Amino acid sequence: MSGRSLFQKVWDDHVVVPETADTPAVLYIDLHLTHEVTTPEAFNVLRSRGLSIRRPDLTVATLDHSTPTVRIASLKDLDVVSEPAAAAQIRTMIDNCAKNGIRMYGYGSDSRGIVHVIGPELGATQPGKTIVCGDSHTSTHGAFGALGFGIGTTEVGHVLATQCLLQRRPKTLAINVEGKLPRGVTAKDVILAIIGKIGVGGGTGSVIEYRGSTIRSLDMEQRMTICNMSIEAGARAGMIAPDDTTIQYLNGRPLAPRGAAWEAAVARWRALPSDADAQFDKEVSIDVSQLAPMVTFGTNPGMVVPVTDAVPVSDDASFSKALAYMKVAAGKPMLGMPVDVVFVGSCTNSRMSDLHDAASILRGRKVAKSVRMLVVPGSVQVQRQAEAEGLDKVFREAGAEWREAGCSMCLGMNGDIALPGQLCVSTSNRNFEGRQGIGARSVLASPLTAAASAVAGVIADPRPLLPN
Amino acid sequence: MEKTDIVRSRTVVMPGTDIDTDQIVPARFLTTTTRKGLGKALFADWRYDKDGKPKADFILNTPAAAGCRILVAGNNFGCGSSREHAPWALIDFGIQAVISTGIADIFRSNSLKNGLVPVIVDQATHGWLLANPGVEVTIDVASCELRLPDGRAVGFPLDGFSKYCLLNGVDQLGYLLHQSDAIARFESERAWKP
Ligand code: SF4
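None of the values given here were measured: they were computed from a predicted structure. (Residues numbered from 1 in each chain as written. Chains lettered and ligands numbered in written order. Predicted model: local features only at pLDDT ≥ 70, side-chain atom pairs only at ≥ 80, totals over all residues. Heavy atoms only, no water.)

1. Some points on the overall build of chain A
Scanning chain A from terminus to terminus reveals 16 helices and 19 strands. A compact globule built from 468 residues would reach a C-alpha radius of gyration of about 23 Å, and chain A, at 21 Å, matches this within 12%. The principal-axis extent of the C-alpha atoms belonging to chain A is close to 55 × 55 × 45 Å. Going through the 468 residues of chain A one by one, you find that 65% of them count as buried. Taken as a whole, chain A presents about 15400 Å² of accessible surface, with 52% of it coming from carbon and sulfur. (Helix = DSSP H or I, 4+ residues; strand = E, 2+ residues; numbered from the N terminus. Rg over C-alpha atoms; globule rule 2.2 N^0.38 Å. Buried < 20%, exposed > 50% of the residue type's maximum accessible area, 1.4 Å probe, protein only. Areas by Shrake-Rupley, 256 points an atom, 1.4 Å probe, with all protein chains shown as cover.)

2. Comments concerning the overall build of chain B
When helices and strands are counted, chain B shows eight helices and seven strands. With the principal axes as the frame, chain B shows a C-alpha extent of 60 × 45 × 25 Å. Scored against the burial criterion, the 194 residues of chain B give a buried share of 56%. Within chain B, counting contacts between residues at least 6 apart in sequence, those at least 24 apart form 63% of the total. Of the roughly 7900 Å² of accessible surface on chain B, a fraction of 52% belongs to carbon and sulfur atoms. (Contact = heavy atoms within 4.5 Å.)

3. Some remarks on the sheet that holds strand β7 (residues 147-150) of chain A
Strand pairs in the sheet, formed through backbone hydrogen bonds, run parallel or antiparallel to each other. Residues and elements named next belong to chain A. Read from one edge of the open sheet, five strands run β5-β4-β3-β6-β7, paired in parallel fashion. Of all strands in the sheet, those bounded by a partner on one side alone are β5 (103-105) and β7. Between one strand axis and the next, the sheet turns through 20 degrees on average, direction left out of account. The strands touched by helix α4 (residues 84-100) within the sheet are β3 (31-34), β4 (59-62) and β5, with β5 carrying the most contacts at an inclination of about 145 degrees. (Pairing = 2+ DSSP bridges. Axes fitted to C-alpha atoms, helices over the stretch in contact; angles between N-to-C directions.)

4. Here's the deal with the interface of chain B and chain A
Opposite the 51 residues of chain B that make contact, chain A presents 63 residues. In total, about 4700 Å² of surface goes out of reach between chain B and chain A, with carbon and sulfur atoms giving 59% of it. Viewed at the interface, chain A and chain B are joined by eight salt bridges. Residues arginine 54 of chain A and glutamate 187 of chain B are paired through a salt bridge, measuring 2.9 Å at the closest nitrogen-oxygen approach. Here chain B is connected to chain A by 23 residue pairs in polar contact (both at pLDDT 80 or more). Counting only elements with at least two residues in the side of chain B that touches chain A, the list comes to α1 (21-24), α2 (44-47), α3 (85-93), α4 (105-112), α6 (160-168), α7 (172-177) and α8 (180-189) of chain B. Partitioning the side of chain B that touches chain A into residue classes produces 17 nonpolar, 20 polar and 14 charged. (Buried area = accessible area lost by both parts, 1.4 Å probe. Salt bridge = Lys/Arg side-chain N within 4 Å of Asp/Glu carboxyl O. Polar contact = N/O pair within 3.5 Å; in protein donor to acceptor, adjacent residues only side chain to side chain. Nonpolar A, V, L, I, M, F, W, Y, C, P; charged D, E, K, R; others polar.)

5. Some words on the domain arrangement of chain A
Residues and elements named next belong to chain A. Domain annotation for chain A reports domain 1 (6-167), domain 2 (171-242 + 269-287) and domain 3 (295-465). Each of domain 1 and domain 3 has a C-alpha centre, and the two are 28 Å apart. Both sides together, the interface formed by domain 1 and domain 3 hides about 1900 Å², and carbon and sulfur atoms give 54% of it. If you sort the residues of domain 1 by the area they bury against domain 3, Thr69, Ile114 and His137 come out on top, with a joint share of 32%. (Domains from an automatic or database assignment.)

6. Some remarks on the site of the ligand
Residue and element names in this part refer to chain A. All residues adjacent to the ligand are His65, Ile114, His116, Asp135, His137, Ser346, Cys347, Cys407, Cys410, Leu411, Asn429 and Arg435. Grouping the constituent residues of the shell around the ligand by class yields five nonpolar, five polar and two charged. Composition of the shell around the ligand by domain shows at least three residues from each of domain 1 (6-167) and domain 3 (295-465). (Near = heavy atom within 4 Å.)

This is how it looks when you write it as structure tokens:
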């Protein structure tokens, strides 16, 4: 028998009832993350069936999606800054959690933030756990060697009521990333290149394991950026084997184990990496030693090129439709395209290292007059840390807006939107039509590229602006 | 969930590939706290102009689309966000099945939990359906067959459990609740606790 993969080990460890030809496996869930948008109907269903929450202690809640990113003094002010429906949704979430004994990191909490930023920050995200959330970017948590995947609202109800899900075992896809990353090229560029290579449906039905020397050299924040966008390749989840970097990151976090429990957990985590002879259903390799900063030109994350390239040519109908929406012409260089909005934020790129990157370009420079730039920290923790380091000043002095933590312009639910026709260089994960506002045109990029484009007022290569 | 055994209808065709759930239901409609009434949000940014009037040239606004319950879509339909609002909106609009060469995982799983039948077919069948919009086809859940007007039957994959749930209108929560003894045993016997 061949060895087991990281995924297989985590899966096996959580099978309550094995799958058969006729029935899916019953899979136990260790951590359930929730937010205001995809949960209300789940609570409604439970209520109408008279069911209680099986393990409220394994569910964690926050407010991020429809949450305003302008400062409010108290919950009362929500009605001033939010649409009535969004305010009602936030209140429903607070109420549902209070009634059911679910820990809520809401307003006033030092730990509020984007659900995929706070899980790791709190140390709730740990290797070997099964982690779900009614949000497709739950794949982020795979950076720790957890099996994290997004679920729908009905499944949120299943987890609340039974702490389990019915699942068929997915396939496995190993992506080997080798080579030393050139200066100015980041984890965001790596994952955009991977999606460009395998396509937005390339991971469908699979759990990806990212492996190789490049991955090993990345810190946890960069690993999260990679795993975060697994879903943009259609994958169920993306995982990275835990190692010293992972263990160091978790040590001392509020919800991480302590004392003897910590020692036991570390021993267990050390056994998780894929065995040397583990088999994968598919393997892909990519060399990143010559990679350039990447930018998208179309309306899905797979439509991506090096920033120094031109928009590709194709006669496919969906491709042409995408170019028409983006108002870009095949054969035209990406560099120099006029930019209206720059957004640095989202669960992909809103952590300290991302803000450091953006600040390294903006320090002593100005955002172009024609550009509106928003910098939105992923969590209150990130916000405080950035302010302690004076990064907020760097952004403000450059002419960017420094906001409160939340999803913000990643999905434009809270009123932070780009206007029709505006081109937005964004560090988020989706350049779908209308994602950042009706008619808004999104170009996905790294925080370095986003900041360089803000300064130039056009899509720009960050490498000439890097500090020495 | 309603029982679904046969879906018979003319098809409406949206040939674009990678149609994501942000198109199916744009995020600004997600502030709702119930699943009801989302049909009006379906494809809102494609369906209405900026004054909220239906665009005459959008396929779902055309007379030919009226009453169609089967959507034929390009590859990788339903990719992106996990929002279950996407199948809710399709169902509320009147769609009962989606046919494509590829349907994204989370959308597929959400569809099955709401009685929207995901039908994956081969390239040739798909190509024929794209080229012949509006034909009447039959989706037979029990036999996992799509029947075309010329009498041809094309099989599609559906696991036994999902089929059982569709045919009997059973939602999966009931099944999971029946496993509570096994779940309790797992919780007490596992080697480590989360
Ligand atoms: S930042 Fe964007 S992608 Fe991430 S959880 Fe929020 S809305 Fe979803």
